[in-house]
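A look at the structure
Here is what each chain is made of, one letter per residue.
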Amino acid sequence: MIDTDALAALAALAHPTRLATFRLLVRHEPDGLSTGHLATAAGLTQSTFSTHLAVLVKAGLVTPEKRGRQIIQRANLDTLRALMIFLAKDCCQGRAEVCAPLLADLACC
């Protein structure tokens, strides 16, 4: 991941509705959720919610998938992984013992 991709992902997640949506999608992997379900969960109309969804899709955090008549939104876990690695890559200047608590917290995921 390069700086501009990381900045796009972080900016997309820097809004309460988008962060909550992404976290909800992560919890529902690998099945995903319909756009209508996500809009209802956010308490927004589909037209208002679509703006937030477009930001997440553009940042590569969410991938739409057509299933029959519905569009299912899925969290892009590859982008999440890349962002987490990008943020932690230079962790503690290579001193693994300093990063051990972070890695332990992530190990339970």
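Note that this is a predicted model, so its numbers are computed, not measured.

Parameters at a glance
- Counting from 1, residues in each chain are numbered in the order their sequence is written.
- Totals for whole chains, interfaces and linings use all residues, but because this is a predicted model, local features are given only for residues with pLDDT of at least 70 and pairs of side-chain atoms are given and counted only at 80 or more.
- Remark: hydrogens and water are excluded; side-chain values derive from all non-hydrogen atoms of the structure.
- UniProt positions are given in the numbering used here, feature names are shortened, and annotations may be inferred rather than shown by experiment.
- Elements are defined by DSSP. Helices are runs of H or I of four residues or more, strands are runs of E of two residues or more, and each kind is numbered from the N terminus.
- With a 1.4 Å probe rolled over the protein chains alone, any residue whose accessible area is under 20% of its type maximum counts as buried; one over 50% counts as exposed, and the rest are partly exposed.
- What the arc measures is the spread of directions leading from the helix axis to the C-beta atoms.
- When checking whether two residues touch, look at their non-hydrogen atoms; a contact exists if any pair is within 4.5 Å.
- DSSP calls a pair of strands paired once it identifies at least 2 bridges connecting them.
- What counts as an axis is a line fitted to C-alpha atoms, over the stretch in contact for a helix, and the angles between N-to-C directions run from 0 to 180 degrees.
- Oblique is the label for every angle not falling under 35 degrees (roughly parallel), over 145 degrees (roughly antiparallel), or within 65 to 115 degrees (roughly perpendicular).
- In a left-handed crossing the near helix is turned counterclockwise from the far helix by less than a right angle, and in a right-handed crossing that turn is clockwise.

What follows covers the UniProt feature "domain: HTH arsR-type" (unreviewed entry) in the protein chain. UniProt records the feature "domain: HTH arsR-type" (unreviewed entry) for residues 1-95 in the present numbering. Secondary structure content for residues 1-95 is 59% helix and 15% strand, while the C-alpha to C-alpha distance between its ends is 22 Å.

Every α-helix winds through 3.6 residues per turn, so residues three or four apart in the chain are directed the same way. Inspection of helix α1 (residues 3-13) places A6, A9, A12 and L13 among the buried residues, and these make up the whole buried set. Buried residues in α1, looked at end-on, bunch into an arc of 130°, giving them a common side. Facing away from the buried side of α1 by more than 90 degrees, the exposed set consists of D3, T4 and L7. Those residues of α1 that are buried lie in contact with α2 (16-27), α4 (46-58) and α5 (77-88).

Below, the discussion takes up the environment of P16. One can find P16 in helix α2. Given a relative accessible area of 64%, P16 falls into the exposed group. Residues P16 and L106, spaced 90 residues apart in sequence, show a C-alpha to C-alpha distance of 23 Å.

Where strand β1 (residues 33-34) and strand β3 (residues 70-75) come together, two bridges link them in antiparallel fashion. Note that in β3 the partner of L33 across the bridge is Q73. The sheet contact formed by strand β2 (residues 62-67) and β3 spans six bridges and is antiparallel. When the sheet's bridge partners are listed, T63 is paired in β3 with R74.

Moving on to the packing of α1 against α5. Viewed as axis vectors pointing N to C, α1 and α5 meet at an angle of 110°, and their least axial separation amounts to 10 Å. By the angle between their directions, the pair α1 and α5 is classed as roughly perpendicular. Crossing of α1 over α5 shows left-handed handedness. Judged by residue contacts, D3, A6, A9, L10 and L13 of α1 engage L83, F86 and L87 from α5.

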